[in-house]
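What the coordinates show
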Amino acid sequence: MSGTRNLVEGLRATAEAERPRVLVSSSGVAYYGPRGDEEVTEEAPPGDTFLARVSVEWEREAARAAEFGVRVVRMRTGVVLDASGGTLKSLLATYRAGLGGPIAGGAFAVPWIHLDDIAGLYVKAVDDASWSGAYNGTAPGPVTQREFSKALGRALHRPAVVPMPGFALRMALGEMADMVTTGQRAVPRRALDGGYVYAYPLLDAALTAALNPPDEGS
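Residues numbered from 1 in each chain as written. Predicted model: local features only at pLDDT ≥ 70, side-chain atom pairs only at ≥ 80, totals over all residues. Heavy atoms only, no water.

**Notes on the pattern of salt bridges**
- Scanning all chains against the criterion turns up 14 salt bridges.
- In this structure, R189 engages E39 in a salt bridge whose closest nitrogen and oxygen atoms are separated by 3.5 Å. Taken together, the positions of R189 in helix 7 (residues 189-193) and E39 in strand 2 (residues 39-40) put the pair 150 residues apart, joining distant regions of the chain.
- According to the relative accessible area criterion, E39 is partly exposed, its value standing at 41%.
- A salt bridge links E61 to R64, with the nearest nitrogen and oxygen atoms 2.9 Å apart.
- The class for E61 is buried, based on a relative accessible area of 11%.
- What you see here is one network of salt bridges that share partners, running through R5, E9, R12, E61, R64 and E67. (Salt bridge = Lys/Arg side-chain N within 4 Å of Asp/Glu carboxyl O. Helix = DSSP H or I, 4+ residues; strand = E, 2+ residues; numbered from the N terminus. Buried < 20%, exposed > 50% of the residue type's maximum accessible area, 1.4 Å probe, protein only.)

**A word on the sheet that holds strand 3 (residues 71-77)**
- Taken together, the three strands give an open sheet; going across it, the order is 1-3-7, and neighbouring strands pair in parallel fashion. Each of the sheet's edge strands pairs with one partner strand only, and the pair in question is strand 1 (22-28) and strand 7 (133-137). Taking each pair of neighbouring strands and ignoring which way they run, the sheet shows an average axis angle of 25°.
- Summarising the sheet, strand 3 and strand 7 pair through five bridges and their orientation is parallel. Bridge pairing in strand 7 links M75 to Y135.
- Sitting on the sheet, helix 4 (residues 115-127) touches strand 1, strand 3 and strand 7, and the angle it makes with strand 3 is about 165°. (Pairing = 2+ DSSP bridges. Axes fitted to C-alpha atoms, helices over the stretch in contact; angles between N-to-C directions. Contact = heavy atoms within 4.5 Å.)

See below:
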């Protein structure tokens, strides 16, 4: 939060002619706290967990840039599908060994998004002057963790039936485990209304693409 606060103060001190016209800030869907099966749009109130309170404070610091004319977009990012890092990379070894499966019962929602689409949302936020305020950085079709587990098994051609207790995931992922064990069925209503077209709106295609990225030279 202090980094965002310092950035905003730096923008405030910058001459208006040289000041960037937009600030895109990233927090996460943890802003909403656990929501069960409730559909969560950007209008939903924040939760009361530690991560939710951190997200609220983080966004509040970013929003201060609007006081001096900077357009502020607050992106609440879901679970980014990227085989080279983050949650997906942490799960791959277990699933490739045929030991993947539903986590903590598998009924909670997973608000996922492909790496290309979260990058695309950032580009849209920078380029489109009509975008401001909060946006859910998620794909249009959130799934349950059980559905996510089956899809990942299909993408890897491995079974995905071994239940994983929540405590085991927390040992593997640390603080990131909260993103995939609490659940928010966050939907990107404002991004869709704002004209963003998803490259990967469906999970199976998104996982296949994430696990088989194009060569840098291609």
